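Each chain, letter by letter, is given below.
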Amino acid sequence: MIKNFVEELTWRGMIQDSMPGTEEHLLEAMRMAYVGIDPTADSLHIGHLVGVMGLRHFQLSGHKPVALVGGATGMIGDPSGKSAERNLLNEETLLHNQNAIKEQLSRFLDFDSEAENAAIIVNNYDWMKEFSFLEFIRDVGKHITVNYMMAKDSVKKRLSSESSVGMSFTEFTYQLVQGYDFLHLYRDKQCTLQMGGSDQWGNITTGTELIRRVDAGKGYALTWPLITKADGTKFGKTEGGNIWLDTERTSPYKFYQYWLNTSDVDAEKYIKIFTFLTRETIESLIEEHKEAPHLRALQRRLAEEITTMVHSKDELDNAIKASNILFGKSTGDDLKALNEKTFLDVFDGVPLTQIAKSEVENGLDIIAALAEQGGFLKSNGEARRALKENSISVNKGKVKDDYKITSADLINGKFVLLQRGKKNYFVLQIVD
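Since the structure is predicted, the reported quantities are computational estimates derived from the model, not experimental observations.

Lay out the pattern of salt bridges with the relevant residues and their values.
It is possible for side chains of opposite charge to pair when their charged atoms get near one another. A full pass over the atoms with the stated rule returns 15 salt bridges. In this structure, Glu8 engages Arg12 in a salt bridge whose closest nitrogen and oxygen atoms are separated by 2.8 Å. Classification of Glu8 by relative accessible area gives partly exposed; the value is 25%. Notably, a salt bridge pairs Glu340 with Lys414, separated by 3.3 Å at the nearest N-O pair. Here Glu340 is found in helix H18 (residues 340-346), whereas its partner Lys414 is found in the loop between strand S13 (404-405) and strand S14 (415-420), with 74 residues between them in sequence. Through salt bridges with shared partners, a single ionic network connects Glu209, Arg212 and Arg213.

Please provide a residue-by-residue account of unusual backbone geometry, values included.
The backbone phi angle of Arg296 is positive, close to 50°, even though this residue is not glycine. Structurally, Arg296 is set in the loop between helix H14 (279-291) and helix H15 (297-310).

Before we move on, could you go through a nonpolar patch on the surface and cite the residues and values that matter?
Residues Phe133, Leu134, Ile137 and Phe169 make up a contiguous nonpolar surface patch of roughly 460 Å² in combined accessible area. In terms of residue count, the dominant contributor to the nonpolar patch is helix H6 (residues 133-139) (three residues). The topology assignment puts Phe169 in helix H9 (residues 169-172).

Describe in detail the nonpolar core, supporting the description with residues and values.
Core analysis: the largest hydrophobic core is formed by 57 residues, its most contacted members being Ile46, Leu49, Leu105, Phe108, Met195, Trp259 and Phe274. In this structure, Phe108 is in contact with Leu49, Val52, Met53, Arg56, Leu245, Met309 and Val310, ignoring residues within four places of it in sequence. Grouped together as the second largest cluster of nonpolar side chains are 26 residues, Ala72, Ile144, Leu183 and Cys191 included.

So what about the sheet that holds strand S4 (residues 120-123)? Which residues, and what values?
On the basis of which strands lie adjacent, the open sheet formed by six strands has the order S1-S6-S5-S2-S3-S4 and mixed pairing. Edge strands, defined here as strands with exactly one partner in the open sheet, are strand S1 (17-18) and S4. The pairing of S1 with strand S6 (residues 220-224) spans two bridges and is classified as antiparallel. Paired with Ser18 across the bridge in S6 is Leu222. Packed onto the sheet, helix H3 (residues 49-60) meets strand S2 (32-37), strand S3 (64-69), strand S5 (193-197) and S6 and runs at close to 155° relative to S3. Packed onto the sheet, helix H10 (residues 174-189) meets S2, S3, S4, S5 and S6 and runs at close to 145° relative to S2.

I'd like a rundown of the environment of Lys129, residues and numbers included.
Mapped onto the fold, Lys129 is located in the loop between helix H5 (125-128) and H6. Linking Lys129 and Gly71, residues 58 residues apart in sequence, is a C-alpha distance of 9.6 Å.

Which residues make up the packing of aromatic side chains, and what are the values?
Evaluation of the coordinates by the stated rule reveals 18 aromatic pairs. Ring centres 5.1 Å apart and planes at 85° place the aromatic pair Phe5 and Phe58 in the edge-to-face group. Remark: Phe58 occurs in helix H3 and Phe5 occurs in helix H1 (residues 5-11); sequence separation between them is 53 residues. On the accessibility criterion, Phe5 (1% relative accessible area) is buried. Looking at Phe58, the relative accessible area reads 0%, which means it is buried. Aromatic side chains Tyr34 and Phe182 sit 5.7 Å apart centroid to centroid with 75° between the ring planes, which places their arrangement in the edge-to-face category. Of the two residues, Tyr34 is situated in strand S2 and Phe182 in helix H10; the sequence distance between them amounts to 148 residues. Each member of the pair, Tyr34 as well as Phe182, carries the same accessibility label: buried.

Criteria and thresholds
- Residues numbered from 1 in each chain as written.
- Predicted model: local features only at pLDDT ≥ 70, side-chain atom pairs only at ≥ 80, totals over all residues.
- Heavy atoms only, no water.
- Salt bridge = Lys/Arg side-chain N within 4 Å of Asp/Glu carboxyl O.
- Buried < 20%, exposed > 50% of the residue type's maximum accessible area, 1.4 Å probe, protein only.
- Helix = DSSP H or I, 4+ residues; strand = E, 2+ residues; numbered from the N terminus.
- Patch = residues over 30% accessible without salt bridge, like charges linked within 9 Å, V, L, I, M, F, W, Y side chains within 5 Å.
- Areas by Shrake-Rupley, 256 points an atom, 1.4 Å probe, with all protein chains shown as cover.
- Core = buried A, V, L, I, M, F, W, Y, C linked by side-chain atoms within 4.5 Å.
- Contact = heavy atoms within 4.5 Å.
- Pairing = 2+ DSSP bridges.
- Axes fitted to C-alpha atoms, helices over the stretch in contact; angles between N-to-C directions.
- Phe/Tyr/Trp six-rings, centres within 6.5 Å; stacked < 30°, edge-to-face > 60°.

Structure (structure tokens):
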């Protein structure tokens with residue numbers, strides 16, 4: 001059964017532009033659409049997620065989604081929104097990246113079922129690698145004028161007086177290569193729609209133009225808005241760089257925290273785009289949030305939904321436990337359950353000092369750990385007063401002045417968490 005894909009994306013705020021007739025075309029029968037994905041890393045980041053969600057909605061609407069990994073275009077570099085050329089990748093790296101990306105996409109798209117609309121993944125390197133330069137300019141280049149290519153915003157910006165770097169011929173031809181992808185998929189798989197970010201409109205319409213001029217066919221285009229943040233900072237970026245879907249690059253804890261710390265304005269927008277919650281559920285959450293904004297119901301549900309989808313329910317539970325270590329009640333067992341990366345993420349910025357392993361193996365006196373050797377408190381006297389006030393904890397457990405830190409206290413075999421009161425933390429890192 002075909003559902004109204006355009007209507008679904010419209011209420012979610014996920015359509016910037018679409019070619020006239022797109023909605024009607026999609027309601028007539030099962031169609032195929034593709035989104036291009038840049039394979040310059042072996043992981044997607046959350047900047048890719050709008051496209052992935054678009055493909056998932058397309059599949060849920062009864063259509064067949066195609067993820068196109070840009071092995072060939074990744075070797076060139078898309079000028080859209082860029083001020084400089086990117087590094088070019090070799091074939092082995094591109095293949096590794098493609099396999100890693102497919103694994104991540106499989107959490108969203110059904111590639112494996114027998115359904116007619118099961119998703120597929122293709123790599124434009126497969127059909128571009130045997131294409132000679134002479135064949136390309138003869139069979140593709142002659143159909144698109146330089147005037148047409150120069151009129152594209154992505155080209156105009158790079159050739160304007162504001163740009164100091166200009167644009168290479170390689171990048172100038174990018175829109176032809178992307179346009180040919182659409183023509184190839186139109187011929188080979190009857191793919192009639194290309195989707196992408198609004199900065200891709202020029203490249204996508206070059207494809208529809210090629211289909212019209214070369215095959216006298218009809219291709220369609222649809223773009224979504226580029227995601228922004230209300231405060232003007234870049235979506236999907238932190239001081240540490242991109243928020244990745246790969247756990248080795250961005251821990252599930254940091255991933256969860258990114259969404260949890262979204263502003264009210266952004267959360268209302270993002271929950272429509274980055275979850276599959278129904279319209280009724282989202283409207284109810286928005287009302288609940290307006291009545292008690294301090295409870296951050298929108299942010300919590302957004303963070304829970306997307307962390308579960310990208311990682312798993314177990315990873316979400318661990319991220320919530322990790323969050324509670326700083327902001328709620330937790331135990332030494334909760335601390336010891338954290339892996340090293342999550343522990344360091346949770347206590348990022350907390351003062352840290354190194355202690356020799358031999359000191360701990362022999363039993364490190366708590367006063368020495370707090371003052372002389374650790375340096376958490378200024379003096380032994382201050383350490384004794386704090387202990388007498390019952391304000392010192394080791395790994396979330398209160399301790400007295402006769403306590404000794406031993407190997408049994410180690411988190412991941414190398415950390416001990418000291419705490420004074422509720423908010424003052426200090427980490428001992430045990431080194432050989």
